[in-house]
Every structure is written in C-alpha cells, then in structure tokens.
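Structural description and commentary
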Amino acid sequence: MKKQTLVGCVAAVLGFMGASFAYADTLDTVKKRGKLVCGVSLASPGFAAPNDKGRMEGFDADICRAVAAAVFGDGEKVEYIPTNINTRFQALQSGEIDILSRQTTVTFTREASLGIDFGPVVFYDGQGLMVSKSLGVKSAAELKDAAICTLPGTTTAQNLTDFFSKLGAKFEIVVFESPDENRAAFFSGRCDAISSDRSDLASIRAVSNKPDDYVVLPETISKEPLAPGVRQNDSNWRDIVSWSVWMLMAAEEKGITKANVDEKLKSEDPEVLRMLGASDNLGEMLKLDKKWGYNIIKSVGNYGEVFDRALGEKTSLGMTRGPNTPWNAGGLLYAPPFR
C-alpha cells in the first residue's frame, strides 16, 4: 500500500514537472518557426493597428519587434495575432502566441493564478473616463447615476465600483463584447461616459469623426501598469523579453538612437559597449547573438522613439510622456544596469 502510494506520488510529481516545463523551450520553438508570434489588440490605434499597407504599427507592436530583433536580428520577423479581451490569456497559456503585448495591466491575481509572468512595465497608465463636451461635465464626481460604457474581462468595472462607492454615488455599467461595439455605443450616445485606461481613451477619441467633441476627465481612478506577458516556467524567455524592454529604456537614457547606434559602437562608455555587443558578450547568457541589443535599437530605436512615433504629441493621440519618462528626467522608467 505504501509502495503504491509512493509510486503514485512520484508519478504525480513527474506529471506536474512535465506540465511545468511544457513551455520551457519557447526560444527554441520561436527560432525553429522562424518568427515570433505576438498577441495584440484587435484594433487599437497607437498601440496596434494595421496601416494602409497592412503593416502592424503602434507601441505594443514595436515591443514585439524589439523582441524579434533580439532573437533574429530582424524586427520584422513577427506574426501579429489579434486577441480578444476575453481570450487573450488563453491564447498565451495554450501556446498560440509567444508573447502578449496588449495594453494588459499587471495584477496580483493575473500573475499568481493564470500561469503568466509579466515583463517590465512598459507603460504607466491609469483608468479614466471620457464624455462628450456637450454633457457639460468637468469632473468624474459629477457622473452620478451615469451610464458608463465598458468592456468585459477587464479591471475597469471593479475600479468604477470602488471609485463611485467612495462618493456614495450610483452608476450603471453597460458592457459590450467588442471594442468596436463599445466605441459605437458611446459615440451614438447610448452611454453618458466611457471608461478605460487613459491611453485607450486617447486611442478611442482619435478614431472618432470629431475628436474635439470629446474630453477625457481629469481624474485618474486607478493604477494600471501595462506590461507584456509570457508563460510561466520559462525563465530564459522571460529574461529575453524583459531585457529587450530594458534595452529600449537604457538606450534612451544613454542617448542611443536608431540613427546614431553605429556611431555609438565606438563609445567611451563601457556600459554602452556592453549593451551593443562591442565588448562583453552579454547575448550569450540569453542564448542570443552578441549584437542583440544593437539589433533592437537598429530595428525600432529607443523607448522615447517608440513612444513618440506611436503615441506622442505629434500623433493623433497627442499623449505627453508623463510618468513614462526616464528616472533621471523625473519619470518612472528605470532599467537595471547592463553588467
């Protein structure tokens, strides 16, 4: 009886180990496939949306390009898979995608219970509310008894409940299954307001026929740190994603750009030389090419270039950097040292 129990325990442990390490070869899988498979939003201008030639553009899309450049030396070796809010985590868990880069908030529950590890925060965001200017509302506190459009499967509803409960106010959540339905309902007046991350509200406002008719209210009612996600139990792959993101941040801090990266190969800064593979071979530790960092910057530029190109003040979203500036410029972006 004891022997059978022991055998059963060993089998269970081995089965658990098998499950735990089922995805411990993501890098090898990606290399054999010849491309990175990246899960992005269905259509979110500024973050992930095809241009008129079908090329996926945006902040989240370029995070994936950075990882592809690290692995292949070519940031275009990416297949983008549009993911639904309700199925994005399953797509990652099942192996349908290698990385989820989709305006996704890091939360305790998601990281602890969904079999997902998050990389570094790539965008510090917060939930807000947007209304039509014709409503005459200047503050979210004025939205008592309002109908608010939102999507399922997000942290939005709980944040709204927490916010309005503190005000002792009632409100109605109107849930739509797709981003297109959600936007259309708001623009048609079915809801008094629409609520999402402030970055997403900027994206929604940008696709309206008359963006100037809408205003994002001043309150930020939650913390929404957005980060790429990978499957758990593959530390090398998580390291590749994390250090690819930190390479973008460190490059901005060091003044390395897409235009001057070749010139920086002769830098007198030892850390810059390590980052670009001009001295120590840091890439070997990640099972990557020595010039993996150089390849990232040559493909997409640094973090500031990615932000400005996709979301910045000269784009239709018109976003300022805010907390998404380097630590030495008063922001929250901080890359560990490359040594």
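Let me begin by describing the structure that accompanies this report.

Rules used throughout
Residues numbered from 1 in each chain as written. Predicted model: local features only at pLDDT ≥ 70, side-chain atom pairs only at ≥ 80, totals over all residues. Heavy atoms only, no water. Axes fitted to C-alpha atoms, helices over the stretch in contact; angles between N-to-C directions. Helix = DSSP H or I, 4+ residues; strand = E, 2+ residues; numbered from the N terminus. Left-handed = near helix turned anticlockwise from the far one by under 90°. Contact = heavy atoms within 4.5 Å. Nonpolar A, V, L, I, M, F, W, Y, C, P; charged D, E, K, R; others polar. Salt bridge = Lys/Arg side-chain N within 4 Å of Asp/Glu carboxyl O. Buried < 20%, exposed > 50% of the residue type's maximum accessible area, 1.4 Å probe, protein only.

A few words on the packing of helix α3 (residues 59-72) against helix α11 (residues 292-300). Running from N to C, α3 and α11 cross one another at 140°; their axes reach a closest spacing of 8 Å. Crossing handedness for the pair α3 and α11: right-handed. Of α11, the residues touching α3 (which contributes D62, R65, A66, A69 and A70) are W292, N295, I296, S299 and V300. Of the residues that constitute the contact of α3 with α11, the class distribution is six nonpolar, two polar and two charged.

Okay, the pattern of salt bridges next. On inspection of all chains with the given rule, the structure shows 15 salt bridges. A salt bridge links D62 to R309; its shortest N-O distance comes to 2.8 Å. Of this pair, D62 sits in helix α3 while R309 is found in helix α12 (residues 303-310), placing the two residues 247 residues apart along the sequence. Of the residues examined, D62 reaches a relative accessible area of 7% and is grouped as buried. Across the salt bridge formed by K298 and D262, the nearest N and O atoms sit 2.6 Å from each other. Separated by 36 residues along the polypeptide, K298 in helix α11 and D262 in the loop between α9 (235-254) and α10 (270-275) bring together distant segments of the chain. On the accessibility criterion, D262 (36% relative accessible area) is partly exposed. A single network of salt bridges, built from pairs that share partners, joins R55, D62, R65, E76 and R309.

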